[in-house]
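# A structural walkthrough
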Amino acid sequence: MHTVPVIRRSAAAVFAAAPITAALWLGAPQAAAADTACPAPGATTSSVSAAGAQCSATSSGGAAAAAYGLGGAATANAGPTSLSLAIAQNGGSATSNSAALSAPAAIAVGPGATVNVAGVRPGLAIGIAGPGAQVTVTGTGVPTCSGGAGFAGDLQTLQGCVSLR
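Residues numbered from 1 in each chain as written. Predicted model: local features only at pLDDT ≥ 70, side-chain atom pairs only at ≥ 80, totals over all residues. Heavy atoms only, no water.

## Focus on the state of the cysteines
Inspection of the entire model under this criterion finds 2 disulfides. In this model Cys 38 forms its disulfide with Cys 55; the gap between the sulfur atoms is 1.9 Å. Looking down the S-S bond of the Cys 38 and Cys 55 bridge, the torsion is 70°, so its handedness is right-handed. Taken as a pair, Cys 38 in strand S1 (residues 35-41) and Cys 55 in strand S3 (residues 53-59) lie far apart in primary sequence, 17 residues in all. Cys 55 shares its class with Cys 38; the two are buried. One disulfide bridge connects Cys 145 with Cys 161, the sulfur atoms lying 1.9 Å from each other. Looking down the S-S bond of the Cys 145 and Cys 161 bridge, the torsion is 65°, so its handedness is right-handed. With Cys 145 in strand S12 (residues 144-146) and Cys 161 in strand S14 (residues 159-164), the pair connects residues that are 16 residues apart, well separated along the chain. A relative accessible area of 14% means that Cys 161 is categorised as buried. If one numbers only the bonded cysteines of the protein chain, in the order they occur, the disulfide pattern is 1-2, 3-4. (Disulfide = S-S within 2.5 Å. Helix = DSSP H or I, 4+ residues; strand = E, 2+ residues; numbered from the N terminus. Buried < 20%, exposed > 50% of the residue type's maximum accessible area, 1.4 Å probe, protein only.)

Here you go:
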């Protein structure tokens, strides 16, 4: 009986992340650094380093990982039957790790932005950090957001956090 309101609130929180991401992306100062892309569909590993940007993605057994370092450092690791996405821009650092049937996404935009998201159970999880923010989603406990504008939504635990500093 109480599941539907919790799911609606969780879904609303996840969908609220889109405008926050757009605002952070557009508001972050742009640096002149290289862009890197590391798609890794299937059992693949991809790694690229360039001036001021790096990415690394590894996937196995029916998984897909993708990491994009747009003047930042991004790492995505996908276990069997999962998805993993990491995007880091303009000095950010994003890490996403997934286990079976999970789909975490980490987005770090701006200098000092750090996001670590883990998918350890079936479900979606997202972490978004702006300049100076730290966002962590463990998949087993309450997500944490601190240090700047950040957001996390975890459908594995039906919990989230927001930091507006």
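## Considering the sheet that holds strand S11 (residues 134-137)
Judged by pairing direction, the sheet is mixed, and its 7 strands sit side by side in the order S2-S3-S5-S7-S9-S11-S12 without closing on themselves. Across the chains shown, the open sheet's two edge strands, defined by having one partner strand only, are strand S2 (44-50) and S12. Taken pair by pair, the neighbouring strands of this sheet meet at an average axis angle of 5°, ignoring direction. (Pairing = 2+ DSSP bridges. Axes fitted to C-alpha atoms, helices over the stretch in contact; angles between N-to-C directions.)

## Observations regarding the pairing of S2
Across 7 bridges, the pairing between S2 and S3 is antiparallel. Bridging from a neighbouring strand, Ser 47 pairs with Ser 56 of S3. Hairpin geometry of S2 and S3 is characterised by an intervening segment of 2 residues between the two adjacent antiparallel strands and by a positive phi of about 80° at Gly 52.

## A few points about a nonpolar patch on the surface
There is a patch of nonpolar side chains on the surface, built from Leu 124, Leu 155 and Leu 158 and spanning about 240 Å² of accessible area. Structurally, the position occupied by Leu 158 is in the loop between strand S13 (149-154) and S14. (Patch = residues over 30% accessible without salt bridge, like charges linked within 9 Å, V, L, I, M, F, W, Y side chains within 5 Å. Areas by Shrake-Rupley, 256 points an atom, 1.4 Å probe, with all protein chains shown as cover. Salt bridge = Lys/Arg side-chain N within 4 Å of Asp/Glu carboxyl O.)

## A few points about the nonpolar core
In terms of nonpolar packing, the biggest core is built from 26 residues, with Ala 67 and Val 115 touching the most fellow members. For this core, the leading source of residues is strand S5 (residues 73-78), giving 3 residues. Discounting chain neighbours no more than four positions away, the residues touching Val 115 are Ser 93, Ala 94, Thr 95, Ala 106, Ile 107, Ala 108, Gly 127, Ile 128, Ala 129 and Val 135. Ile 107, Ile 126, Ile 128 and Phe 151 belong to the second largest nonpolar core, which has 7 residues in total. (Core = buried A, V, L, I, M, F, W, Y, C linked by side-chain atoms within 4.5 Å. Contact = heavy atoms within 4.5 Å.)

## Some remarks on the sheet that holds strand S6 (residues 83-89)
Strands sit in the order S1-S4-S6-S8-S10-S13-S14 across an open sheet of 7 strands; the sheet is mixed. Edge positions in the sheet fall to S1 and S14, since each has one partner strand and no second. Averaged over neighbouring strand pairs, the angle between their axes works out to 5° when direction is ignored.

## Let's talk about the environment of Ser 163
By the secondary structure assignment, Ser 163 is in strand S14. Sequence spacing of Ser 163 and Thr 144 is 19 residues, and the spatial spacing of their C-alpha atoms is 8.8 Å. In contact with Ser 163, other than residues within four places in its own chain, are Cys 145, Ser 146, Gly 147, Gly 148, Ala 149 and Gly 150. At 2.6 Å, the side chain of Ser 163 and the backbone oxygen of Gly 148 are in polar contact. (Polar contact = N/O pair within 3.5 Å; in protein donor to acceptor, adjacent residues only side chain to side chain.)

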